[in-house]
Structures are given as structure tokens and as C-alpha cells.
Amino acid sequence: SSPSFTFANSVNWTLGYYYFDSIGGYRNVYFGVLEPDGVQIPLLDLIAGREVPLNGEVNEKGTVDTKSHAVYGQATWAITDWFGVTLGGRYQREERGTVTAGSYLALARNPQGEVPLFIHPLESRETSNFSPKLTLDFRPFADDTLLYATWQKGFKSGTFNVVSLNNPPAYVKPEEVTSIEAGIKGVLLDNTLVYNAAVFRNNIKDLQTLAISLTSGGTSQLLNAGEATIQGVDFDVTWQAFPDALPGFVFTASGAYLDGEYDSFPDGAGFLQQLPQTYCGPGALLGVACLAGDFDFTGNTTVRTPEFSGTIGISQTFEVPGGTLELGVNATHNSGYFFDSQNTTEQPEYTLLNGRVSYLYERHNIRISLFGENLTDELYYSDKLIVDFGTNAYLAPPRTYGLTLAWSYGS
């Protein structure tokens, strides 16, 4: 719970307690055995040459138990009519441990008939963290303009890489971020234009990144980059452009300029493309990529960090019998980004066009909407993952149409 109180008409504060208890991971992950010229060769190498029947499977089991406690609080003090201070913090104590970690030979997916291949010792780690926050806000010109500056720290828990055929679970250290932000919020033009703008810098220590390899002892694993910095500027504007001549017309725009870089990332895991006669360690196949752990990604661009992304849109609302009719269209542009820390899989720049028509029947608060997304049928990807045998690419939705019906009720 997190009750909120006001003290002496100038201090507003909140306190809370958080508890989390969960067991998560992978209870059964099956790897099939194919013909000798398929994935059977790396699989046999990984399980120390043990013979696996062609109708057999290797079953991975890896789960992690998490127990977390946290207390948090925040207080805002309006020192004067134009100056305020916010202090906050969160203290967290957490224990994570492996519950199951091993691989088994399974015939016809029969748990009673499974033969242990690798059973790894169970491990646990206990961590604690305090994340503070300080915000200063100013209203030096008028009540409709706010300047603010914020310094705060954040924390993302560590975990274990539990899915691995032959390797014991590796611990992934917690991720810590220090963030600085300054911005302005306000209204202009007789309250018809609302704007927000901010500059920020996030310094991330032990950034958790993902690598995937089937022939290196597992399916997916998290790695810690030493340090990364993501900084930039973002803004958004809402403007009722012609309140007298064209009431109900609204123009919106938002955007962000980002610069993300790995300041320190030695010993990163990446893929080497093998030559036809190259053998890349146990479990590798000729002619496929090989995961290596000695790359230096320092200076590379952080994943999913486009240099620019933005959206512009217009909408027009009309009074019609029984309610209102809204027509809207918006366009989104993304300058492109990398999917991996090795900077080898890239999403090129793309632009999406979306539209909607919506009618609100005010008497019963019923809204029916017809929408269209990606109207130009732009080809782009939601994800790309490099694995040993190539790149798995997942297409984002193509041109899509839909109809929704919503009913709002209650006070």
C-alpha cells in the first residue's frame, strides 16, 4: 500500500511497501535430435559424446526462485509559490536462487524415463540497493510555465542464466542507472498550445544484454556490458490551431533525438562467420556462425536506440447527431537502429501512416472506431536475432484494419 498525505498545506508525502515472491524460468525445454548431418553433431559434442537415439530429446530444466522486499517513499515540499523540492527513495532487498538447473535425456517426453545428463549445483545470491531521487521545480515566470531538474538512480535485479545444456548457471549482475534530466512544461497562445521538452542523460552500469546460441551450451543468455550512456532530447506539442475558425481541430507532434553508446564492453559475446574448413570449438558445425566471448563492443551503438524518432498527427472532431465524430491521421518516422550489441543486425529507417474514424454516442458512452495501421504496407521488423545458423527475423504487422467497440460506464 502507498497512502498519500498533505502536511501543513506545503508538504505532500507517500510511503509504501512492496513484496514479490515468484518461481520462474523454463520447466521443460526440449531439444530434438535429427539426422547426423543436422544438429545431432553439436548436440552430441555438448553432452560429452553420449549416444542419443534419433527419437530422443534433451530436456532442459532451469527455474529461479525470487523473494523481494522493498520500502519506498517520496515527499514534495512547496517551499514558496514558485519553488519546490521533491525527495524520494526506494530500498530493496532481494534473494534469488536456482531451484532446478540441469539437462536430461528424454524418450517420448516421459518424465519417468528421463536420464540425467548434467545436474548443476544450486546457487543463490542476495542483493540490496538504495535508489534515491531529487527533483527541483521552478515557476519563475507564471503559473503556466514549469522548469524542473531531476537526479535519480534506478536498479534492475540480477538473475541466473539457467538454460544451458552443459554449463552451470552463470550469474548476471544487477543493472544500475544514474539519470539526470532537465525540462520545461507550459502552455502558450491563450492556452491553445501545450508543450513539454526535456534533455536527459542516463549512465548505465552493468547493462544487461542478450545473446543467443544453440551450439554453445544453451538457447539464450544475459551478459553484462561494463557501462553505457544514453542521452538525448525529447519533446511533444499539442496545439488547437484554429479554435475560432475550426473548433475541434488538433495538431500533435512529438520526437526524440538519442545518442546511445557502450562506454565499456570488453569480452562481449558475438558471432564469427566460419570459413568452410574452420572448426570453432566443441559443438560447432562447418559453415555456420560461431559464438565467441572475446569481442570488444566498446564504442558500439546501444541496441534499439534510433538517432531520431517522431510522430506528427492531425485530428478533427465534429458535433453530429447523438454525439461526436472524430477523424484522425498520423505519421511516425524512425531513423533506424541496431538489434544487437555487435551492431550487425539493423533495422533501416521507416515511416508508418495510420488513420482512424471514431464515433461517440454520448447518451450511453458507446464509441465505435474504424482504424487502419501501416496504411502504406511498410516492410519493417519487430525483432532480429542472430543465432548459430543465421538470423531469425520477425516481421512487424503489415497493413492492418480493424473495428473496435467500447462502452464506458459508471461515475
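The rules behind the values
- Residues numbered from 1 in each chain as written.
- Predicted model: local features only at pLDDT ≥ 70, side-chain atom pairs only at ≥ 80, totals over all residues.
- Heavy atoms only, no water.
- Salt bridge = Lys/Arg side-chain N within 4 Å of Asp/Glu carboxyl O.
- Helix = DSSP H or I, 4+ residues; strand = E, 2+ residues; numbered from the N terminus.
- Buried < 20%, exposed > 50% of the residue type's maximum accessible area, 1.4 Å probe, protein only.
- pLDDT = per-residue confidence, 0-100.
- Contact = heavy atoms within 4.5 Å.
- 1 Å grid on protein atoms, 1.4 Å probe; cavity = no way out; pocket = protein on both sides within 12 Å on 5 of 7 lines; lining within 4 Å.
- Points joined across faces, edges and corners; volume = space filled by probe spheres on them.
- Nonpolar A, V, L, I, M, F, W, Y, C, P; charged D, E, K, R; others polar.
- Core = buried A, V, L, I, M, F, W, Y, C linked by side-chain atoms within 4.5 Å.
- Polar contact = N/O pair within 3.5 Å; in protein donor to acceptor, adjacent residues only side chain to side chain.
- Pairing = 2+ DSSP bridges.
- Phe/Tyr/Trp six-rings, centres within 6.5 Å; stacked < 30°, edge-to-face > 60°.
- Lys NZ or Arg CZ within 6 Å of the ring centre and 35° of its normal.
- Patch = residues over 30% accessible without salt bridge, like charges linked within 9 Å, V, L, I, M, F, W, Y side chains within 5 Å.
- Areas by Shrake-Rupley, 256 points an atom, 1.4 Å probe, with all protein chains shown as cover.
- Lys, Arg positive; Asp, Glu negative; His and termini not counted.
- Charge placed at Lys NZ, Arg CZ, Asp CG, Glu CD.

## A look at the pattern of salt bridges
Phase 1: Under the defined criterion, the tally for this structure stands at seven salt bridges.
Phase 2: Across the pair K67 and D65 runs a salt bridge, and its minimum N-O distance is 2.9 Å.
Phase 3: As a salt-bridge pair, D206 and K173 come within 3.5 Å of each other at their nearest N and O atoms. With a gap of 33 residues between them, D206 in strand β11 (residues 193-212) and K173 in the loop between β9 (170-172) and β10 (175-188) connect regions that are remote in the sequence.
Phase 4: Assessed through its relative accessible area of 13%, D206 is described here as buried.
Phase 5: Salt bridges linked by common partners bring D21, D65 and K67 together as one network.

## So, the confidence of the model for the protein
Phase 1: Summarising the model, the protein shows a mean pLDDT of 85, and 81% of its residues fall at 70 or more.
Phase 2: Note on residues 34-42: pLDDT is under 50 here. Beyond four places in sequence and across chains, it has 16 contacts.
Phase 3: A low-confidence stretch, residues 274-288 stays under pLDDT 50, and its non-local contacts, those more than four residues away or across chains, total 30 contacts.

## Points about the layout of surface pockets
Phase 1: Considering only enclosed or pocket space, the largest pocket measures out at about 450 Å³ in volume.
Phase 2: As for the largest pocket, its lining consists of 27 residues, of which L210, V303, F339, D340 and S341 are closest to the centre.
Phase 3: Looking at side-chain class alone, the lining of the largest pocket contains 15 nonpolar, eight polar and four charged residues.
Phase 4: Each pocket or cavity is described by its volume, and for the second largest pocket that value is around 270 Å³.
Phase 5: Looking at the second largest pocket, it is lined by 15 residues, and the ones nearest its centre are G25, Y26, T159, F160 and V162.

## Regarding the nonpolar core
Phase 1: Listed in full, the nine residues of the largest apolar core are I204, L207, A225, A228, I230, Y262, F265, F295 and F297.
Phase 2: Taken together, the elements giving at least two residues each to this core come down to β11 and β12 (220-239).
Phase 3: The greatest single-element share of this core, amounting to three residues, is contributed by β12.
Phase 4: With six residues, the next largest nonpolar core counts F339, Y350, L352 and Y380 among its residues.

## Here's the deal with the environment of E181
Phase 1: Secondary-structure assignment places E181 in strand β10.
Phase 2: Judged by relative accessible area, which is 26%, E181 ranks as partly exposed.
Phase 3: E181 sits 30 residues away from W151 along the chain, and the two C-alpha atoms are 6.6 Å apart.
Phase 4: If near-sequence neighbours (up to four positions away) are discounted, E181 is found in contact with Y148, A149, T150, A198, V199 and F200.
Phase 5: There is a polar contact of 2.7 Å between the side chain of E181 and the side chain of Y148.

## Considering the pairing of strand β7 (residues 145-156)
Phase 1: Here strand β6 (residues 124-138) runs beside β7; their pairing, made up of six bridges, is antiparallel. By the bridge assignment, T135 is partnered in β7 with T150.
Phase 2: A loop of six residues connects β6 with β7, the two strands running antiparallel in sequence.
Phase 3: Looking at chain direction, β7 and β10 are connected through 12 bridges and run antiparallel. Residue pairing across strands places T145 opposite G186, the latter belonging to β10.

## Details of the packing of aromatic side chains
Phase 1: According to the stated counting rule, one finds 10 aromatic pairs in the structure shown.
Phase 2: Between Y257 and F308 the ring centres are 4.9 Å apart and the planes differ by 45 degrees, which places this aromatic pair in the tilted class. A residue pair is termed long-range when its members are at least 10 positions apart, and Y257 in strand β13 (residues 249-264) and F308 in strand β16 (residues 308-320) qualify at 51 residues.
Phase 3: Judged by relative accessible area, which is 23%, F308 ranks as partly exposed.
Phase 4: Among the aromatic residues, ring-to-ring pairing joins Y262, F265, F295 and F297 into one connected group.
Phase 5: In this arrangement the basic side chain of K61 is found over the ring face of Y104, its NZ or CZ atom lying 5.0 Å from the centre.
Phase 6: Over the face of the ring belonging to Y18 we find R90, whose NZ or CZ atom lies 5.3 Å from the ring centre.

## Here's the deal with the side chain of T86
Phase 1: Looking at the secondary structure, you find T86 in strand β4 (residues 83-107).
Phase 2: Judged by relative accessible area, which is 8%, T86 ranks as buried.
Phase 3: In terms of polar contacts, T86 uses its side chain to reach the side chain of T76, at 2.9 Å.
Phase 4: Residues contacting T86, with those up to four places away along its chain left out, are Q74, A75, T76, K133, L134 and T135.

## Here we look at a negative patch on the surface
Phase 1: A grouping of E227, D259, E261, D263 and E307 is seen on the molecular surface, where their side chains present a negatively charged patch.
Phase 2: In terms of residue count, the dominant contributor to the negative patch is β13 (three residues).
Phase 3: For D259, the position within the fold is in strand β13.

## Structural notes on a nonpolar patch on the surface
Phase 1: Taken together, the side chains of F318, L327, V357, I366, I368, L370, L403, L405, W407 and Y409 make up a nonpolar region of the molecular surface, amounting to roughly 1000 Å² of accessible area.
Phase 2: Secondary structure elements with two or more residues in the nonpolar patch: β21 (366-373) and β24 (400-407).
Phase 3: Relative to the helices and strands, L405 is located in strand β24.
Phase 4: Here L405 falls in the exposed class, since its relative accessible area comes to 66%.

## Re empty space enclosed by the protein
Phase 1: By the definition in use, this model includes one cavity of 30 Å³ or more.
Phase 2: In this structure, the largest cavity encloses a volume near 40 Å³.
Phase 3: Elements with a minimum of two residues in the lining of the largest cavity: β4 and β6.

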